[in-house]
Every structure is written in structure tokens, then in C-alpha cells.
Amino acid sequence: MAFKSGLYRAATHGVLMRGGSAIEHLAEVDTIVFDKTGTLTHSELVVTDVVVLDKSHLDEDALLALVASIEEHASHPLAQAVVDAAKERDLQHITHGEIDYLVAHGLTTDVDGKRVVIGSRHFLEEHHNILFAKHETAIDRLQDEGKTLLYVGAAAQGRKVAKPIGIVALRDTLRADAVYAINRLRSLGITQAIMITGDKRSKAEALAAELGLDAVHAEVAPEEKAAIIQQLQAQGRKVAFVGDGINDGPALSVAEVGIAMPRGADIARATADIVLMDDRLAAVADARELAGRTMKLIRSNFNIAVGVNTAVLAGAVLGKLSPVMSAVLHNGTTIGVLLRSLVGVDIDGLADNKQAKRR
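Values in this document were obtained by computation on a predicted structure and should not be read as measured data.

Draft legend 1. Structural detail: the sheet that holds strand β10 (residues 215-217). Taken together, seven strands build an open sheet; the order of strands is β1-β13-β12-β11-β2-β9-β10 and the sheet is mixed. At either margin of the open sheet sits one strand with a lone partner, and together these are β1 (15-17) and β10. On average, each strand axis in the sheet is inclined to that of its neighbour by 20°, with strand direction left out of account. Note: strand β9 (residues 192-196) against β10, three bridges, orientation parallel. Within β10, the residue paired with isoleucine 196 across the bridge is histidine 217.

As C-alpha cells, this is what we get:
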């Protein structure tokens, strides 16, 4: 009943937990790992630069229209930002073939006799041999400005070698409650707060210092996230992972507790043990505190039940309590513990959030 009460209490405040095991495991966590984009930062990305690398065939609007027409089939915040930018410029949709989507990497399709590839640099270079080394200066400049890059390449059908045609740069902003949430998690027993990002190390370390994180894993390929979680677990850590993207699915599933942000991809929310319905990073701390207090309630209920019933048994054996009184005390204790569980627990963060919503 305490678990059910905790699940209900969390759900009414925008924290969905998949059963009592999520509460139990979250209460045991000592390390929390954050994906950067959409988690520590807002998922509302904005397109800042559209860089055309092959100006003989495309201009800036044509490149943006091409990328938006293909990316509209994806659900990641990067894709939505590109589509929104194309709509703002009133660009026309470009007809294309069937989309091939490689999870956590990118998309490919046919457009006017060309094979177009959109995604991470790793995806284009390692999977399609589309090299961006000649454009390193432009790439470094955009990354030094703290921007996330979407790479675009194309090849005429029948040709084995494709070439880069453009880069779309996007920027997000740090969540206002990020520092507060991390500090509060520390006060709730989290001993390590870690960030995983694909950003360059210099940029990642600067953000980690601003947030007061214990460690940062930079320049991480999407498929490496789960391996980092497993490395921490091998060290004896109980790990919670917070993410929102399609490429976060493996990490969410391998962690003791996977926590998905509300605007995350469907696969992230389906994989996670906990789904936040309020777009607040502080809700992670709310969930942790509620889990801790629920487990404390369960332990205290157990101690009460064992203590009172042991005393009743001793009294009955020694002849100090009649059978009727023993039955009344035994069943009264059971009912009292049940009512105590039904009342459940509340926490300051959830209570404050509830009052804010009412106002």
C-alpha cells in the first residue's frame, strides 16, 4: 500500500513511475548520469546557421528546405527545430523517396536522383565515407560557439563516393533549474553527478564546471552511452540515467533506473522506468526524495508491526493479555499501519509545485 500510495502521489505531480521496483531502485541510487541535450539543456533548439558547402548546386534556403523535408519524419528535438526554421522562412517541401532511419545515427533517402544522408558526423564519415576534414575550420568555429551540428551529404545514384553539401547548426540553452536540481540531488544522497555529451571536451568541461558536476564524458558516440553506464556499475555504483533521445534507449534500459524527460522520443519514454510529465529537471530530485521517503515509511511500518506484535505475543504468553485484547491489538496494529501507508508521504518540492500550479 505504501508503494501504491507513492506511485499515486508521484503521478498527481507529473512523475510517472513503473511500479514499486522503480521506487525501490531509485532510493538506492548513488550516481546520476545526465545526457546533455534536452536534459541539462532545453529541448527547444533553434537553428542559428545554415552552411552550404557545395554552392554549385544549393543555396542556404534550398539546403534548409531539403533537410527539413527529410527530418520531419524524425521525432528528435533537432529535427523539430529544423522543420520550424523552414516553416518560418516559408520554404516549400521537397519530394523525396522512402526514408531509411538508423536509430541514433541519421537518415538517408533519394531526392532527384541523388542519395541524401543527414545525421551525425560519425554517421556520415564512418557509415557513408562522406568526409568533412576539408571543412574543419568552419566546424571548429561552430562548435566553439557551443552549437550542435547536423551534417548533410549527397551522391548521385550509382556513384560510390558521396560528398558533403552542408551543415546545419543549432543552439540550446541551459535549464534555469539545472544547478538547483543537481545541488538538491546531492542533499538527497547522490554522491556522483555525471554528464555525457557528444560535444568537444573543452565545451563539455566548461559546462560541467558551471553545473558543479563530478565528471564529464565528452565526444561520446551515441552507442557508447550504455557502455559508460556499465563501467560505472562495474565499479559498484547504483546508477540512474536521465535522457530524452532515441539514442538514449540502451542507456535508459541498462541503468538501475532510467528517467525520461517529457519531450523525449517515444522509445526513450517506453524504455524508461520513470517518465517526467513536467518539463522540470527538478522533478528528478522530486522523484528521488519521494522514493527515499516511501522506503523510509515502509521500513518504519515494518518496525512498528514487528515491535507491537512481538510485545503482544510476549504479553499473551506471559498471561498479561487476554485473547480478546491480543486480537484487538494485533488487528489494530495492522489497520494502523495500513492507514499510515494510505496517507503516504509528501515532499517539499512536490508540495511547492502543486501550490504553484494552483496559483
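Draft legend 2. Quick look at the side chain of threonine 37. Its location among the elements puts threonine 37 in helix α3 (residues 36-40). By relative accessible area, threonine 37 is classed as buried at 18%.

Draft legend 3. Main features of the pairing of strand β12 (residues 257-260). Because side chains alternate across β12, one face comprises the buried residues Val257 and Ile259, and the other comprises Gly258 and Ala260, equally buried. Pairing between strand β11 (residues 239-243) and β12: four bridges, direction parallel. Across the sheet, residue glycine 243 finds its bridge partner in β12, namely alanine 260. In this structure, β12 lies alongside strand β13 (residues 274-276), joined through two bridges in parallel fashion. From the neighbouring strand, alanine 260 faces β13, where its bridge partner is valine 275.

Draft legend 4. Highlighting the layout of surface pockets. The calculated volume of the largest pocket comes to roughly 1,100 Å³. Forming the walls of the largest pocket are 42 residues, and the residues nearest its centre are Ser120, Thr148, Leu149, Gly198 and Pro222. Among the secondary structure elements, those contributing two or more residues to the lining of the largest pocket are α3, α5 (77-88), β5 (106-111), β6 (114-119), α6 (121-128), α7 (136-144) and β7 (148-156). Residue composition of the lining of the largest pocket, grouped by class: 16 nonpolar, 13 polar and 13 charged.

Draft legend 5. Spotlight on the pattern of salt bridges. Scanning the model with the defined rule gives 22 salt bridges in all. Between lysine 163 and aspartate 54 there is a salt bridge whose closest N-O contact spans 3.3 Å. Here the residue lysine 163 occupies a position in strand β8 (residues 163-171), and aspartate 54 occupies one in the loop between β3 (46-52) and α4 (60-71), the gap between them amounting to 109 residues. On the accessibility criterion, lysine 163 (41% relative accessible area) is partly exposed.

Draft legend 6. Spatial organisation of α6. Along α6, the positions that sit buried rather than exposed are Arg121, Phe123 and Leu124. Trailing α6 by a residue or two, asparagine 129 shows a phi angle of about 55°, which is positive.

Draft legend 7. Structural detail: helix α8 (residues 178-187). Of the residues making up α8, those classed as buried are Ala178, Ala181, Ile182, Arg184 and Leu185. Taken around the axis of α8, the buried residues stretch over an arc of 165°, which confines them to a single face. Among the residues trailing α8, glycine 189 stands out with phi positive, at a value near 105°.

Draft legend 8. How the structure looks around the pairing of β3. Of all seven residues that make up β3, five are buried, and the element is covered over most of its length. Bridging between β3 and β8 involves six bridges; their strand directions are antiparallel. Paired with valine 52 across the bridge in β8 is glycine 166.

Draft legend 9. Representation of the environment of glycine 292 within the structure. Within the fold, glycine 292 resides in helix α13 (residues 282-317). Residue glycine 292 is classed as partly exposed on the basis of its relative accessible area of 29%. Here the alpha-carbon distance between glycine 292 and isoleucine 23, two residues 269 residues apart in the chain, equals 7.9 Å.

Draft legend 10. Seen up close, a nonpolar patch on the surface. A cluster of nonpolar side chains, contributed by Met1, Ile335, Leu338, Leu339 and Leu342, occupies part of the molecular surface with about 470 Å² of accessible area. For isoleucine 335, the position within the fold is in helix α14 (residues 323-343).

Draft legend 11. Here's a closer look at the nonpolar core. Core analysis: the biggest nonpolar cluster contains 40 residues, and Met17, Leu26, Ile32 and Ile274 have the highest contact counts within it. Counting residues per element, this core draws most heavily on α13, at eight residues. If we ignore the near neighbours within four places in the chain, the residues touching isoleucine 274 are Val15, Leu16, Met17, Ala22, Leu26, Val257, Gly258, Ile259 and Ala260. Formed by 28 residues, the second largest nonpolar core is a distinct cluster that contains Val47, Ala85, Leu150 and Val152.

What counts and how
Residues numbered from 1 in each chain as written. Predicted model: local features only at pLDDT ≥ 70, side-chain atom pairs only at ≥ 80, totals over all residues. Heavy atoms only, no water. Pairing = 2+ DSSP bridges. Helix = DSSP H or I, 4+ residues; strand = E, 2+ residues; numbered from the N terminus. Axes fitted to C-alpha atoms, helices over the stretch in contact; angles between N-to-C directions. Buried < 20%, exposed > 50% of the residue type's maximum accessible area, 1.4 Å probe, protein only. 1 Å grid on protein atoms, 1.4 Å probe; cavity = no way out; pocket = protein on both sides within 12 Å on 5 of 7 lines; lining within 4 Å. Points joined across faces, edges and corners; volume = space filled by probe spheres on them. Nonpolar A, V, L, I, M, F, W, Y, C, P; charged D, E, K, R; others polar. Salt bridge = Lys/Arg side-chain N within 4 Å of Asp/Glu carboxyl O. Arc of directions from axis to C-beta. Patch = residues over 30% accessible without salt bridge, like charges linked within 9 Å, V, L, I, M, F, W, Y side chains within 5 Å. Areas by Shrake-Rupley, 256 points an atom, 1.4 Å probe, with all protein chains shown as cover. Core = buried A, V, L, I, M, F, W, Y, C linked by side-chain atoms within 4.5 Å. Contact = heavy atoms within 4.5 Å.

Interpretation note: all reported values are geometric properties and have no functional meaning in isolation.
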